[in-house]
Number of protein chains: 2
Amino acid sequence: MLAISQATDPRSGITMSYPIAAHMASGAGAPNGVISAPVLTALEARSTTIRVERDEEIVAQEDLAINCYQVVSGCVRTVRLLEDGRRHIGEFLFAGDMFGWEALDRHDFGAEAVTPVTLRRYARRDLEQLADQDRGVARRLRELSSCRLRSGREHMVLLGRKTASERIASFLLEMAARINPDARASIELPMSRSDMGDYLGLTIETVCRRLTRLRVDGTIAIDGTKIAIRDRRALGEAGCERVMH
Amino acid sequence: MLAISQATDPRSGITMSYPIAAHMASGAGAPNGVISAPVLTALEARSTTIRVERDEEIVAQEDLAINCYQVVSGCVRTVRLLEDGRRHIGEFLFAGDMFGWEALDRHDFGAEAVTPVTLRRYARRDLEQLADQDRGVARRLRELSSCRLRSGREHMVLLGRKTASERIASFLLEMAARINPDARASIELPMSRSDMGDYLGLTIETVCRRLTRLRVDGTIAIDGTKIAIRDRRALGEAGCERVMH
DNA sequence: CGGACAGTTGAGGCCTATCAATGGTGGTGG
DNA sequence: CCACCACCATTGATAGGCCTCAACTGTCCG
């Protein structure tokens, strides 16, 4: 197993693992990756770190898919706009998440910074080449695909069959799990109500109303952008969460 | 490029390509695959052809993901059931489509036969092994993942932001493109109204009403399970379809 | 201080779900 | 052969959930 290189972000001071290296060497059910360090190092050498301000575009919908990205810090949303202005948000991405590598010739969704964001940019062909050279990387990419497909399907069930209350509850649990797996702590939601609505297939007003409902019920506590889960059990039931065997 | 082996289904008499071979050797933007014929042949040798009757289960939700499948003929639906009986259909799969290979340890959706179905069953580990041995196969799998992710996202926009009319219109165009790309011909929809509803996040009644609306408007013609698209332009506009550049 | 903007809350309307009834079709058994 | 049943599709009536429009608050910032 490759040792994960560490680095410290000069801005945030947060210590983090090197992007691709971290992804390729770790992973939940990752098969023991036989990844050659030199190859990874070469990829990292050809990558660029970029900074994107809040609400700025990272890739435009329909852009030629030359590059892919990994979030180093901050939060990113993937966005699809319909002709008449309706908006849908595909995913929220956080530190460690990658996007754009799974595109065909063009990016089907745009990507924008929800907060100020630091990104690492790679040429997709470099990543492809790496996958060709190293079966461990190829496996990890397959596994990443599977994860994205799975969470995408989960979200489809939410959009297709869940009520507003259930969507909000599921969303809060999802964010809690991703932002701060520590059950006790309150989470800082980086996105606006509008973003939440466009992710959940709801309007801002409905998002607000359901949140206040949960608040008055004592299930959550709201303080500006911070939300604390007071009754995780109630939230789980409200969200129709499945128990995995 | 590997020549695609041909075979004739003893039941339907339809000539078709060998499953995996076809997938691995073809594909829209497929990089010129360097796939060794012997490896593919070995995989095919270890596969099984099975027959499943209408409405029978192929894989159960939460099943251990030992096998994956390719549809040889017929139509398959992937299904997720919520505790209270609400149902969501993830995808409809037709001849040539594969499913189950992208699972993690368990299948997150079940799979059922919409029509009587012929399937080819492969051990996932065999396919994984093939991908490890042959970078062309690995590439093709990545490409397949990308396609599934893309169509999944498209469907999320439908579920999150489109009206009932738009969903029906999009659905008809999608099915027309998959079942019979020939614009003129009428298409035979293999699935029930209930299936359509659970795929589109609607009820049977709404599906019916929107279909009859399209019929009286002269946009489509309905004859039992057969539907003919009379005005493709109107359907495209009704469905909010994007024009790809 | 005023404007812009996100968030919240209220009032009312529309779209879709729900409940219900009918028609059509295929399968079954008398 | 036909009565009967089960099931799917369709259509109607009604209800309810979410959207739309609108007003108000609080905060940030020039």
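In this text, all values refer to a predicted model and were calculated from it rather than measured experimentally.

A tally of regular secondary structure across chain A gives eight helices and 13 strands. For chain A, the residues scored as buried account for 53% of the 245 residues in total. Considering only intrachain contacts with a sequence separation of at least 6, the fraction spanning at least 24 residues in chain A is 69%. Total accessible area computed for chain A in this model is approximately 11100 Å², and 50% of it derives from carbon and sulfur atoms.

Close contacts around DNA strand D come from 15 residues, with Ala 164 and Thr 206 of chain A together with Arg 193, Arg 209 and Thr 212 of chain B the closest. Within 4 Å of the protein, the atoms of DNA strand D are drawn from sugar and phosphate moieties in a proportion of 63%. Within the side chain of Arg 209 of chain A, a nitrogen or oxygen atom sits 3.0 Å from a base oxygen of DNA strand D. Thr 212 of chain B places a polar side-chain atom, nitrogen or oxygen, 3.5 Å from a phosphate oxygen of DNA strand D.

Moving on: the packing of aromatic side chains. Summed over the entire model, instances satisfying the criterion amount to eight aromatic pairs over all chains. An aromatic cluster of at least three residues, connected via ring pairs, comprises Phe 92, Phe 171 and Tyr 199 of chain A.

Residue and element names in this part refer to chain B. Strand order across the open sheet formed by three strands is β11-β13-β12, with antiparallel pairing between neighbours. Lying at the two open borders of the sheet, with one neighbouring strand each, are β11 (187–188) and β12 (220–223). Here two bridges tie β11 to strand β13 (residues 226–229), and the two strands are oriented antiparallel to one another. Considered in β13, the bridge of Glu 188 is made with Lys 226. Taken strand by strand, helix α7 (residues 204–216) contacts β12 and β13, and its axis lies near 120 degrees from that of β12.

It is worth spelling out the interface of chain A and chain B at this point. Many analyses report the size of an interface as the accessible area lost when the parts associate. With 50 residues of chain A at the contact, the number on the chain B side is 50 residues. Roughly 4900 Å² is buried in total at the junction of chain A and chain B, and carbon and sulfur atoms are behind 52% of that figure. Summed over the shared surface of chain A and chain B, the result is 18 salt bridges. Where Asp 132 of chain A meets Arg 139 of chain B, a salt bridge forms, and the shortest distance between an N and an O atom there is 2.7 Å. Taken together, the residues of the side of chain A that touches chain B sort by class into 15 nonpolar, twelve polar and 23 charged.

What follows deals with the nonpolar core. Formed by 62 residues in total, the largest nonpolar core has its most connected members in Phe 92, Phe 171 and Leu 172 of chain A together with Phe 92, Phe 171 and Leu 172 of chain B. The contacts of Leu 172 of chain A, once residues within four sequence positions are left out, are Ile 187, Leu 189, Leu 211, Leu 214, Ile 220, Ile 227, Ile 229 and Leu 235 of chain A.

The pair of chain copies shares a relation made of a rotation about an axis and a shift along it. Once chain A is rotated about the relating axis by 180 degrees and shifted along it by 0.0 Å, it coincides with chain B to within an RMSD of 0.0 Å. Put plainly, the chains are arranged around a two-fold axis. When you check the interface residues of chain A against chain B, 100% turn up at the interface there too, and the contact is symmetric in its surfaces.

The next subject is the environment of Leu 141 of chain B. Residues and elements named next belong to chain B. Position of Leu 141 relative to the elements: it lies in helix α4 (residues 135–161). Given a relative accessible area of 1%, Leu 141 falls into the buried group. In sequence terms Leu 141 and Arg 124 are 17 residues apart; their C-alpha atoms lie 12 Å from each other.

Bringing the confidence of the model for chain A into the picture now. All names here are of chain A. On average, residues of chain A carry a pLDDT of 86, and 82% of them reach 70 or more. Note that residues 1–18 has pLDDT below 50 and, in this model, 30 contacts with residues that lie over four places away or in other chains. Under a pLDDT of 50 for its full length, residues 25–35 has, in the predicted model, 18 contacts with residues more than four places off or in other chains.

Attention now goes to unusual backbone geometry. Notably, Cys 240 of chain A is not glycine yet its phi reads approximately 60 degrees, a positive angle. Relative to the assigned elements, Cys 240 of chain A resides in the segment after α8 (232–238). For Asp 55 of chain B, which is not glycine, the phi torsion reads 70 degrees and is therefore positive. Within the secondary structure, Asp 55 of chain B sits in the loop between β3 (48–52) and β4 (57–59).

Before going further, it helps to examine the pattern of salt bridges. All names here are of chain A. Scanning the entire structure with this criterion turns up 50 salt bridges over all chains. Arg 178 is the salt-bridge partner of Asp 97, the closest N and O atoms lying 2.2 Å from each other. You can see Asp 97 sitting in the loop between β7 (87–93) and β8 (98–99) and its partner Arg 178 sitting in helix α5 (residues 164–179), a full 81 residues away along the chain. Its relative accessible area of 18% is what places Asp 97 among the buried residues.

Turning our eyes to something else, we now look at the sheet that holds β8 of chain A. Residue and element names in this part refer to chain A. Pairing in this open sheet of four strands is antiparallel, and the strands run β3-β10-β5-β8 from one edge to the other. Strand pairing shows two members of the sheet lacking a second neighbour, β3 (48–52) and β8, which therefore form its edges. Bridge analysis of strand β5 (residues 67–73) against β8 gives two bridges, and the strand direction is antiparallel. From the neighbouring strand, Tyr 69 faces β8, where its bridge partner is Phe 99. Relative to strand β10 (residues 117–123), helix α3 (residues 124–133) is tilted by about 65 degrees, and along the sheet it contacts β5, β8 and β10.

So, about the packing of α3 of chain A against helix α4 (residues 135–161) of chain A. All names here are of chain A. Packing of α3 against α4 leaves a shortest axis separation of 5 Å and a crossing angle of 115 degrees. For the pair α3 and α4, contact is made by Leu 127, Leu 130, Ala 131 and Gln 133 and by Arg 135, Val 137, Ala 138 and Leu 141, respectively. Residues that form the contact of α3 with α4 fall into these classes: six nonpolar, one polar and one charged.

Here we take up the protein's contact with DNA strand C. Near DNA strand C there are 15 residues, and of these Arg 193, Arg 209 and Thr 212 of chain A together with Ala 164 and Thr 206 of chain B occur at the shortest range. In DNA strand C, atoms within 4 Å of the protein come 62% from sugar and phosphate. Separating a phosphate oxygen of DNA strand C from a side-chain N or O atom of Thr 203 of chain B is a distance of 3.0 Å. The separation between a phosphate oxygen of DNA strand C and a polar side-chain atom of Thr 206 of chain B is 2.3 Å. Listed by contribution, the elements that provide at least two residues to the surface near DNA strand C are α7 (204–216) of chain A together with α7 of chain B. Looking at the surface near DNA strand C residue by residue, the classes come out as three nonpolar, six polar and six charged.

The rules behind each value
- Residues numbered from 1 in each chain as written.
- Chains lettered and ligands numbered in written order.
- Predicted model: local features only at pLDDT ≥ 70, side-chain atom pairs only at ≥ 80, totals over all residues.
- Heavy atoms only, no water.
- Helix = DSSP H or I, 4+ residues; strand = E, 2+ residues; numbered from the N terminus.
- Buried < 20%, exposed > 50% of the residue type's maximum accessible area, 1.4 Å probe, protein only.
- Contact = heavy atoms within 4.5 Å.
- Areas by Shrake-Rupley, 256 points an atom, 1.4 Å probe, with all protein chains shown as cover.
- Near = heavy atom within 4 Å.
- Polar contact = N/O pair within 3.5 Å; in protein donor to acceptor, adjacent residues only side chain to side chain.
- Phe/Tyr/Trp six-rings, centres within 6.5 Å; stacked < 30°, edge-to-face > 60°.
- Pairing = 2+ DSSP bridges.
- Axes fitted to C-alpha atoms, helices over the stretch in contact; angles between N-to-C directions.
- Buried area = accessible area lost by both parts, 1.4 Å probe.
- Salt bridge = Lys/Arg side-chain N within 4 Å of Asp/Glu carboxyl O.
- Nonpolar A, V, L, I, M, F, W, Y, C, P; charged D, E, K, R; others polar.
- Core = buried A, V, L, I, M, F, W, Y, C linked by side-chain atoms within 4.5 Å.
- Least-squares fit on C-alpha atoms with pLDDT ≥ 70 in both.
- pLDDT = per-residue confidence, 0-100.

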